[in-house]
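Structural description and commentary
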Amino acid sequence: MLLEVKGLRKDYGKNTVLRSIDLEVEKGEVISVLGPSGSGKTTFLRCMTMLEDASGGSMRFNGMTAFEERDGKVVYAHKKELQKIHSMYGLVFQSFNLFPHRTVMQNIMDAPLRVQKRDRAQAEEEAKALLEKIGMTARANAYPDQLSGGQKQRVAIARALAMKPDMLFFDEPTSALDPELTAEVLKMIRSLAEEKMTMVIVTHEIPFARSVSSRVIFMDKGYVIEQGSPADVIDNPSNSRTREFLKKLEEE
Amino acid sequence: MLYKGDMMKMNKHLSGIVTALTMMLTAFGGTGVSAERTEFTVGFDAEFPPYGYRDDNGEYVGFDLSLAEEVANRRGWTLIKTPIDWDSKDMELETGAIDCIWNGFTIEGRENDYTWSVPYVDNSQVVVVKEDSGISSPSDLAGKVVAVQTDSSALAAFTGENATEENIALYESFASLTQIGDYNSAFLNLDSGAVDAVCLDVGVAKYEVEARDGFVILDVPVASEKYGIGFMKGNTELRDEVQETLFEMLDDGTFARIAEEWELSDNVCLSREETATEVSVSQTADKKKANIGEICLDLLPGIGSSLLIFVLTLLFSLPLGLLFALGNMSKIKPLHWIISLYISIMRGTPLMLQLLVVFFGPYFVFGIQTPAGYRFWAVIIGFVLNYSAYFAEIYRGGIQAVPKGQREAAKILGYSKFQTDLFIIFPQMIRVVLPSVTNEVITLVKDTSLAFAISYAEMFTLAKQTAASNTSVLPLFIAGGFYFIFNFVVALVMKQIEKKMALNK
Ligand SMILES: Nc1ncnc2c1ncn2[C@@H]1O[C@H](COP(=O)(O)OP(=O)(O)O)[C@@H](O)[C@H]1O
Ligand SMILES: [Mg+2]
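Each chain has its residues counted from 1, following the order in which its sequence is written. A letter from A marks each chain and a number from 1 marks each ligand, given out in the order of writing. Where totals are concerned, whole chains, interfaces and linings use all residues; where local detail is concerned, this predicted model gives features only for residues with pLDDT of at least 70, and gives and counts side-chain atom pairs only at 80 or more. Think of the side-chain values as coming from all heavy atoms in the structure, minus any hydrogens and water.

A look at a nonpolar patch on the surface
Residue and element names in this part refer to chain B. Using the following cut-off: Like charges within 9 Å and nonpolar side chains (Val, Leu, Ile, Met, Phe, Trp, Tyr) within 5 Å are joined into patches, using only residues over 30% in relative accessible area that form no salt bridge. Accessibility throughout is a Shrake-Rupley quantity obtained with a 1.4 Å probe, and a residue counts as covered only by protein chains that appear here. Salt-bridge detection follows one rule: a side-chain nitrogen of Lys or Arg within 4 Å of a carboxyl oxygen of Asp or Glu. Each helix is a run of H or I in the DSSP string that is no shorter than four residues. Each strand is a run of E no shorter than two, and both are numbered from the N terminus. Here the term buried applies to any residue with accessible area under 20% of the maximum for its type, exposed to any over 50%, and partly exposed to those in between, with areas from a 1.4 Å probe on protein chains only.
A contiguous nonpolar surface patch, about 830 Å² in accessible area, is contributed by Ile430, Phe484, Ile485, Phe488, Val489, Leu492, Val493, Ile497 and Met501. No other element matches helix H17 (residues 474-501), which puts 8 residues into the nonpolar patch. Topologically, Ile430 is positioned in helix H15 (residues 417-447). For Ile430, a relative accessible area of 31% translates into the label partly exposed.

Here you go:
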């Protein structure tokens, strides 16, 4: 098992945002996370990627414990182990977060060179291959500000891939994009799914989620209220909240 | 492009402006040469006891001021006491802002520069040292640092045109001769060991040595001289009036009584027999006036000093500011408290005061004698501490302006905190802060002149001294031009850097 989350809880002061969430991800799975705004999807991703400290529960990557609860307190692994775990996953943000002072090529190559200390020639070759893959070879020396939103998100995905992660998290990767730019990003994620990349994707793109996911999770008010195959959750939702949410999205 | 004709026109305009300014000053001074004089404006250095100084009650008092008061009373004039910047005394007189300089004013060496009264005090230049200094005669001053007041008679005794061979040899034996703006800081310098001896008028020396502990006057004077009242050249009318009244006071004993009040009975020498040092107006032989070339040459070391302060300050404070910014944002609370206290003190008090504290603090707070070369390093330390604080605040703003997502992206990619700061945050911060840094750098160019507070001879201090010894405002204009050009170049360079940083947009 690649990822195992058990009883994850997150409090902001007295406000509990995530309540006892379980999630298991096998290698090669693509999981879509759906749910209304404010239901805790982003917080869930941020806890799993350890940008946010969990308030309860445990998490393991590839059998290594990232954190677990002991005597009612969450204890994180030691720095060395966490570093290893960090290198197992990547995260693609809604707002891209590319480094504005670096070119496209540098954005992709910098971390492999500085963090993973890879051979420069090899890293450069791989970066070029990634650029080719996202169809942006011509923009290798452009700065992020010179790109369209869709291009930026594709570069951000390439930057995450350059680290050769075991899995990728996406937090609404197309929400900041115009519809015509959304398509190019979704196409790219789809091609990653075809290559059996393990992914957890928070999205509002229902048709995309239906066709790309092996499993769909529906969240509301900090709970996972429904979980299963796309056919079960999206086409035949058992929960009234899920039905309501899907109906609303359709109307839009 | 400016052609020669334009330049001359500009010169004419300039001199027109100066004339207009002079006339305005004269008008405001209310001291025009009117037949009915109602006011008598005396210029004096407010830090020259017992001749003229500010007493504990904040009143301007002194032997000279008492004499002037009596003269004014007898003549039915209202006395206006105008404390002046000693470096600017000639400008004050020339513009008519004051009627005379009456302030332990040495005649020797200045015979041709003013219309003089007869001498009324016989004074000599003496050397004051610390009691335990081991210096007992002027010859012991070889290899020592000696201080004199800017444009004082002590300075003239060593470097003036009428300096004796003996004094010139003595002067050449000094490690250095430092010019200090006022006697109070001269004695602070002496006390702290920044200078080994102060050379000054015996009257002032007696007063200071009595008022302070631990100083002695050497028996052998360096030079002897006389004090007179200096009027604007050619103004014999006012001179005669004042002098006549002084003689009346001499005759009826008032003069002697006032001298006794100020414990100067041994020093006074007013006598009807003495004739005033008469100088005809035509003999305006401006022998002291140097040409532009010579003045520039005089100012050259000052330019070097100012540039050095500028370069060293930036060299240290630009990186140091970053450390302070990080310390201020640190999660370690005590570190944050200390740094933020330091920053608010540096930003909340005058740089001039900070320079004084850095220079005199080691001695007066910790009793540590500072070596002669410390004056320069005190300037650098003071400037670096001050500018680091300003840069720290600018950097902090810049770091906080970098979006949170940048740190998060770096964290996900596995950068360490240090790598994140160095490769992701700082480069973005620099672009944000560059305009504010440019502003500070330009302020620094002008701030270098504050080094005068601890008598460090940078550009502006030197310009003031040169202006005083040449009785000309030209050095000040040249200094102004220097700062302007300096800033122009700095602004140009910073613009280039900003352009480079702006990426290819
Ligand atoms: N840093 C925070 N501090 C306090 N409350 C937060 C914080 N971040 C998110 N929340 C709250 O947690 C809840 C879930 O937010 P979020 O995870 O962003 O939902 P979603 O991504 O599903 O829209 C919201 O009620 C939000 O207000
Ligand atoms: Mg969200």
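Structure shown, so let's carry the discussion forward.
A look at the sheet that holds strand S4 (residues 56-61) of chain A
All names here are of chain A. Note the threshold: In this scheme, strands are said to pair when DSSP sees at least two bridges between them. A fitted line through C-alpha atoms represents every axis, and for helices the fit uses only the stretch in contact; the resulting angles, taken between N-to-C directions, go from 0 to 180 degrees. Residue contacts follow a heavy-atom distance rule, with two residues in contact if any of their heavy atoms lie within 4.5 Å.
A sheet is described by the order of its strands in space; here 5 strands give the open sequence S2-S1-S4-S5-S6, paired in antiparallel fashion. Each edge of the sheet is formed by a strand with only one pairing partner; in this case those strands are strand S2 (15-25) and strand S6 (73-76). When the angles between neighbouring strand axes are averaged without regard to direction, this sheet yields 20°. Lying on the sheet, helix H2 (residues 79-86) is in contact with S4, strand S5 (64-70) and S6; it crosses S5 at an angle near 125°.

Observations regarding unusual backbone geometry
Note: most peptide bonds trans; most residues except glycine with negative phi. For the bond running from Pro49 of chain B to Pro50 of chain B, omega is 0°, close enough to zero to count as cis. For Pro50 of chain B, the position within the fold is in the loop between strand S2 (47-48) and strand S3 (52-54). One non-glycine residue, Asn62 of chain A, lies in the positive phi region at around 50°. Following the sequence through the fold, Asn62 of chain A ends up in the loop between S4 and S5. The class of Asn62 of chain A is partly exposed, set by a relative accessible area of 40%. Positive phi is not limited to glycine here, since Ser455 of chain B has a value of about 60°. In this fold, Ser455 of chain B is placed in the loop between H15 and helix H16 (459-470).

Comments concerning the domain arrangement of chain B
The parts lose accessible area when they come together, and the size of an interface is often stated as this lost area. Residues and elements named next belong to chain B. Going by this rule: Domain segmentation is taken from an automatic or database assignment of domains. Here's the idea: put two parts together, see how much 1.4 Å probe accessible area each one loses, and the total over both is what we call buried area. Two N or O atoms count as a polar contact when they lie within 3.5 Å, although within protein this holds only if one can serve as hydrogen donor and the other as acceptor, and sequence-adjacent residues are included solely when both atoms are side-chain atoms.
For chain B, the assigned domains read domain 1 (39-120 + 227-286), domain 2 (122-224) and domain 3 (292-503). Placing the centre of domain 2 and that of domain 3 at their C-alpha centroids yields a distance of 35 Å. Between domain 2 and domain 3, the contact holds 16 residues from the first and 12 residues from the second. Across the domain 2/domain 3 interface, buried area totals approximately 1,100 Å², and carbon plus sulfur atoms make up 52% of it. Area buried by domain 2 at its contact with domain 3 is led by Gln179, Ser192 and Ala194, which between them contribute 36% of it. Joining domain 2 to domain 3, the criterion identifies 0 salt bridges. Applying the counting rule to domain 2 against domain 3 returns 3 residue pairs in polar contact (both at pLDDT 80 or more). For the side of domain 2 that touches domain 3, the elements supplying multiple residues, two or more each, are strand S10 (176-180) and helix H6 (183-192). Top element by residues in the side of domain 2 that touches domain 3 is H6. It accounts for 5 residues.

What to know about the nonpolar core
To be explicit about the condition: Here, nonpolar core means buried Ala, Val, Leu, Ile, Met, Phe, Trp, Tyr and Cys residues that are tied together by side-chain atoms lying within 4.5 Å of each other.
Formed by 98 residues in total, the largest nonpolar core has its most connected members in Met48 and Phe169 of chain A together with Phe383 of chain B. If sequence neighbours within four positions are ignored, Met48 of chain A has contacts with Leu3, Val5, Leu23, Met59, Phe61, Tyr89, Phe169 and Val200 of chain A. In terms of nonpolar packing, the next biggest core, distinct from the first, is built from 51 residues, Val202, Val204, Ala205 and Ile229 of chain B among them.

Things to note about the interface of chain B and chain A
Rules: In this classification, the charged set is Asp, Glu, Lys and Arg, the nonpolar set is Ala, Val, Leu, Ile, Met, Phe, Trp, Tyr, Cys and Pro, and all remaining amino acids, among them Gly, are polar.
On the chain A side, the residues contacting the 19 residues of chain B number 24 residues. Buried surface at the junction of chain B and chain A, summed over both partners, amounts to about 2,000 Å²; 60% is from carbon and sulfur atoms. Connecting chain B to chain A are 1 salt bridge. For Arg46 of chain A, the salt bridge is made with Glu408 of chain B, and the minimal N-O distance between the two is 2.7 Å. Put simply, chain B and chain A have 8 residue pairs in polar contact (both at pLDDT 80 or more) between them. Secondary structure elements with two or more residues in the side of chain B that touches chain A: helix H14 (404-412) and H15 of chain B. When residues in the side of chain B that touches chain A are grouped by element, the largest group, 7 residues, is from H14 of chain B. Here the residues of the side of chain B that touches chain A sort into 9 nonpolar, 6 polar and 4 charged.

Some points on the sheet that holds strand S10 (residues 215-220) of chain A
Residues and elements named next belong to chain A. On the basis of which strands lie adjacent, the open sheet formed by 6 strands has the order S7-S8-S9-S3-S10-S11 and mixed pairing. Each edge of the open sheet carries a strand with a single partner, namely strand S7 (89-92) and strand S11 (223-228). Neighbour-to-neighbour, the strand axes of this sheet turn through a mean angle of 15°, independent of strand direction. Note that S7 and strand S8 (residues 167-171) share 4 bridges and pair parallel.

Concerning the pattern of salt bridges
This structure, assessed with the given rule, holds 29 salt bridges over all chains. Glu52 of chain A is the partner of Arg46 of chain A in a salt bridge, and the nearest nitrogen-oxygen pair spans 3.0 Å. The residues Arg46 of chain A and Glu52 of chain A share a single accessibility class, namely buried. A salt bridge links Lys130 of chain B to Asp191 of chain B, with the shortest nitrogen-to-oxygen separation between them at 3.9 Å. Here Lys130 of chain B is found in strand S8 (residues 121-130), whereas its partner Asp191 of chain B is found in helix H6, with 61 residues between them in sequence. Classification of Asp191 of chain B as partly exposed rests on a relative accessible area of 23%.

Remarks on the site of ligand 1
All names here are of chain A. Note the cut-off: Put simply, a residue is near a molecule or strand once any heavy atom of it comes within 4 Å of that molecule or strand.
The environment of ligand 1 is formed by Tyr12, Val17, Pro36, Ser37, Gly38, Ser39, Gly40, Lys41, Thr42 and Thr43. Here an oxygen atom of ligand 1 sits 2.9 Å away from a polar atom, N or O, in the main chain of Lys41. Here an oxygen atom of ligand 1 and a side-chain polar atom of Thr43 are 2.4 Å apart. Against a free-state accessible area of 560 Å², the protein chains account for coverage of 57% of ligand 1. Among the elements that line the shell around ligand 1, the one with the most residues is helix H1 (residues 41-48), at 3 residues.

Some thoughts on the packing of helix H5 (residues 149-161) of chain A against helix H6 (residues 179-194) of chain A
All names here are of chain A. Where we set the bar: By the definition adopted for this analysis, an angle is roughly parallel if under 35 degrees, roughly antiparallel if over 145, roughly perpendicular if from 65 to 115, and oblique otherwise. Note: crossing handedness is left-handed where the near helix turns anticlockwise from the far helix by less than a right angle, and right-handed where it turns clockwise.
Direction vectors running N to C along H5 and H6 enclose 20°, while the axes themselves pass 8 Å from each other. For the element pair H5 / H6, the angle class is roughly parallel. Between H5 and H6 lies a crossing of right-handed hand. Residue-level contacts link Gly149, Gly150, Gln151, Gln153, Arg154, Ile157 and Leu161 of H5 to Leu181, Glu184, Val185, Met188, Ile189 and Leu192 of H6.

What about helix H8 (residues 236-251) of chain B?
Residues and elements named next belong to chain B. Short version of the rule: Here the expected length of a helix is defined as 1.5 Å per residue gap, with one fewer gap than residues.
Here H8 spans 22 Å end to end across 16 residues, near enough to the 22 Å set by a 1.5 Å rise per residue. What H8 keeps buried is the set Leu238, Arg239, Val242, Gln243, Thr245, Leu246, Phe247 and Met249. At its buried positions, H8 is contacted by strand S1 (39-44), helix H2 (63-75), strand S6 (100-106), strand S7 (115-116), strand S13 (223-231) and helix H9 (254-261). Among the residues trailing H8, Gly253 stands out with phi positive, at a value near 85°.

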